[in-house]
Amino acid sequence: MPPDNLLAFLRKCGVALCLAGETANRIPDELVAIADAYGVGDVEFLVVPTGVFVRAGGEGGVTVDFANADGPPLRLDQVARLYTLFEQVKADPIPPAEGIERVQEILDAPPRFGAVITVLGHGVLTVGIGLLFVRDERALVGLALLGLLVGVLRLIADRVQVLSLALPVAAAMAVTVLAYRYSPELGADPASLLIPPLATFLPGAALTLGAQEMVTRSIISGASRLVSSVYVLLLLTFGIYAGMQIAGPAQGIAQTEPLGVWAPWVGVLVFGVGIYLNSSAPPRSLPWLLVTLVLAYAGQFLAGLWAGGLFAAFAGGLVIVPLANAVQRLHGPPAQVVFLPSFWLLVPGALSLVGVTGVTGLVELSGTGRSNLVTAFLTVVAVSLGVLVGSSLLSNVTATSRLLTSRSA
């Protein structure tokens, strides 16, 4: 029977991995590897989005325990420190009591950047996403202001927990009112102004992870993520609809000279800088982050030219996993640090919002609204399948490499 403090350490690690955005089917593998480092083999894990179950057997019987995975999602600097700690533990196990303290220290660590930089980062990433959708300089200025507004709202909600429940509704309502009232002056369609500022609320990553978990038979975790994601979309829908009723119908928009074909590529770089600041990415990770984002977007872009949007979504998900692992092998930050931002860029949660605005704008589920929603969910499935295939291919390559190495030895 493993000692109690080791079981507590494993539970703590499982909770931290849940908050780091790992899928339910990968967390047990990570925990088993940590347990093996301590010479403990008879341990099993069951992971759900809200907690971790640990079952340990031995001569004295069987012990089953549970740890609740509550808390905010980890920032990128916390994710980097967490995975670095796990790699150290696998190579040279530390006393479990010390491990518990170090994991808790990571969970309690303050952001690398202060409130002003965090809000500024949200404005920057909003402009980056905006370059993928709008082609007018005035619209980019408006998006920067909307991004700063949402960043301030998120900052207030982080400090007043009760406000976080209504934050998606309040932010969507405020952004919609401003977008519909000032879209003629900004030279952009109101719907395109809604997507970038609200992108950090869109559950594109959760939808994709949920679909991936359903495919890998983690039914409880996958269904929980999907239901939670749909609820967030409903909150955004209500906020957008309420904002449209307050703002009234959108006015006509004059045609303007669009930006060049360079705009989306610059947008990817700007998005990377914004994520670096807003999510407090670890030091010296910005170059790795930008390279990964550009390569992932390039893969998606080229696939889209060849076979259309859905295949592009699949291709984007396919290349993320090997790219992230290549960065880690080249002595860059842990794979999850560059994987998550690439995921947030490629997972078209924004398409979900386009579908939502189509529904709310027409009050009833018209053909356009149905088409947008179907496209959004199919794209999420395509990205999740791409990530799943990429992970499987990487696992097979790694296993084959280890087999050849052992044979040669």
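What you are looking at is a predicted structure, and each value in this text was computed from that prediction instead of being measured.

Some details on the overall build of the protein chain
Alright, step 1. Counting secondary structure elements, the protein chain contains 16 helices and three strands.
Alright, step 2. In the protein chain, which comprises 409 residues, the share counted as buried stands at 49%.
Alright, step 3. For the protein chain, long-range pairs separated by at least 24 residues make up 73% of all intrachain contacts whose partners lie at least 6 apart in sequence.
Alright, step 4. For the protein chain, the accessible surface area stands at approximately 18,900 Å², while carbon and sulfur atoms represent 64% of it.

A closer look at the packing of helix 5 (residues 115-130) against helix 6 (residues 137-159)
Alright, step 1. Close contact between helix 5 and helix 6 brings their axes to 7 Å; oriented N to C, the two are set at 140°. In this view, helix 5 runs oblique relative to helix 6, as classed from their interaxial angle. As for the relative orientation of helix 5 and helix 6, their crossing is right-handed in sense. Residues Ala115, Val119, Leu120, His122, Gly123, Thr126, Val127 and Gly130 of helix 5 form the contact with helix 6, whose own contacting residues are Leu140, Leu143, Ala144, Gly147, Leu148, Val150, Gly151, Val152, Arg154, Leu155 and Arg159.

Structural notes on the nonpolar core
Alright, step 1. Counting residues in each nonpolar core, the largest one holds 70 residues, and the members touching the most others are Phe9, Ile34, Tyr38, Phe339 and Phe343.
Alright, step 2. Sorting elements by how many residues they give to this core places helix 1 (residues 4-19) first, with ten residues.
Alright, step 3. Once residues lying within four places of it in the same chain are set aside, the contact partners of phenylalanine 339 are Ile320, Val321, Ala324 and Val387.
Alright, step 4. Among the nonpolar cores identified, the runner-up in size contains 29 residues, and Leu131, Leu143, Leu193 and Leu236 belong to it.

A closer look at the environment of leucine 340
Alright, step 1. When you line up the elements, leucine 340 lands in helix 14 (residues 335-346).
Alright, step 2. Residues leucine 340 and alanine 20 lie 320 residues apart in sequence; the distance between their C-alpha atoms is 9.4 Å.
Alright, step 3. If we skip the residues at most four places from it in the chain, leucine 340 touches Ala20 and Leu76.

Side note on the packing of helix 12 (residues 286-307) against helix 14
Alright, step 1. Two elements in contact, helix 12 and helix 14, have axes whose closest approach is 9 Å; the angle formed by their N-to-C orientations is 40°. In this view, helix 12 runs oblique relative to helix 14, as classed from their interaxial angle. Read as a crossing pair, helix 12 and helix 14 show a hand that is right-handed. When helix 12 is examined against helix 14, the residues Trp288, Leu289, Thr292, Leu293, Ala296, Tyr297 and Gln300 are found in contact with a partner set consisting of Val337, Val338, Pro341, Ser342, Leu345 and Leu346.
Alright, step 2. Tallied by class, residues from the contact of helix 12 with helix 14 come to ten nonpolar, three polar and no charged.

Some words on the pattern of salt bridges
Alright, step 1. Overall, the coordinates contain five salt bridges when judged by the stated rule.
Alright, step 2. Salt-bridge contacts for arginine 26 lead to glutamate 22; the nearest nitrogen and oxygen are separated by 2.8 Å.
Alright, step 3. One network of salt bridges, with partners in common, ties together Glu30, Glu87 and Lys90.

What to know about the confidence of the model for the protein chain
Alright, step 1. In the predicted model, the protein chain carries a mean pLDDT of 80, and the fraction of residues at 70 or more is 83%.
Alright, step 2. pLDDT under 50 marks residues 348-370. Its contacts with residues more than four places away, or in other chains, come to 43 contacts.

A few points about helix 6
Alright, step 1. Taking 1.5 Å of rise per residue, the 23 residues of helix 6 would be expected to cover 33 Å, and the 34 Å separating its terminal C-alpha atoms lies within 8% of that figure.
Alright, step 2. Of the residues making up helix 6, those classed as buried are Ala139, Leu140, Gly142, Leu143, Leu146, Gly147, Val150, Gly151 and Ala157.

Some points on a nonpolar patch on the surface
Alright, step 1. Residues Leu46, Phe53, Val62, Val64 and Phe66 make up a contiguous nonpolar surface patch of roughly 450 Å² in combined accessible area.
Alright, step 2. When residues in the nonpolar patch are grouped by element, the largest group, three residues, is from strand 3 (residues 61-68).
Alright, step 3. Take valine 62: it is sitting in strand 3.

Side note on the packing of aromatic side chains
Alright, step 1. Summed over the entire model, instances satisfying the criterion amount to seven aromatic pairs.
Alright, step 2. Geometrically, the ring pair formed by tryptophan 265 and tyrosine 297 is edge-to-face, given 5.1 Å between the ring centres and 85° between the ring planes. Residue tryptophan 265 is found in helix 11 (residues 263-278), and its partner tyrosine 297 is found in helix 12; the two are separated by 32 residues along the sequence.
Alright, step 3. Assessed through its relative accessible area of 13%, tyrosine 297 is described here as buried.
Alright, step 4. Aromatic side chains tyrosine 297 and phenylalanine 301 sit 6.4 Å apart centroid to centroid with 25° between the ring planes, which places their arrangement in the stacked category. Residue tyrosine 297 and its partner phenylalanine 301 are both found in helix 12; the two are separated by four residues, about one turn of the helix.
Alright, step 5. The exposure class of phenylalanine 301 is partly exposed, given its relative accessible area of 34%.
Alright, step 6. Pairwise contacts between aromatic rings join Trp265, Tyr297 and Phe301 into one cluster.
Alright, step 7. The ring of phenylalanine 201 is capped by arginine 154, whose NZ or CZ atom sits 4.6 Å from the centre of that ring.

What counts as what
Residues numbered from 1 in each chain as written. Predicted model: local features only at pLDDT ≥ 70, side-chain atom pairs only at ≥ 80, totals over all residues. Heavy atoms only, no water. Helix = DSSP H or I, 4+ residues; strand = E, 2+ residues; numbered from the N terminus. Buried < 20%, exposed > 50% of the residue type's maximum accessible area, 1.4 Å probe, protein only. Contact = heavy atoms within 4.5 Å. Areas by Shrake-Rupley, 256 points an atom, 1.4 Å probe, with all protein chains shown as cover. Axes fitted to C-alpha atoms, helices over the stretch in contact; angles between N-to-C directions. Parallel < 35°, antiparallel > 145°, perpendicular 65-115°, else oblique. Left-handed = near helix turned anticlockwise from the far one by under 90°. Core = buried A, V, L, I, M, F, W, Y, C linked by side-chain atoms within 4.5 Å. Nonpolar A, V, L, I, M, F, W, Y, C, P; charged D, E, K, R; others polar. Salt bridge = Lys/Arg side-chain N within 4 Å of Asp/Glu carboxyl O. pLDDT = per-residue confidence, 0-100. Expected span 1.5 Å × (residues − 1). Patch = residues over 30% accessible without salt bridge, like charges linked within 9 Å, V, L, I, M, F, W, Y side chains within 5 Å. Phe/Tyr/Trp six-rings, centres within 6.5 Å; stacked < 30°, edge-to-face > 60°. Lys NZ or Arg CZ within 6 Å of the ring centre and 35° of its normal.

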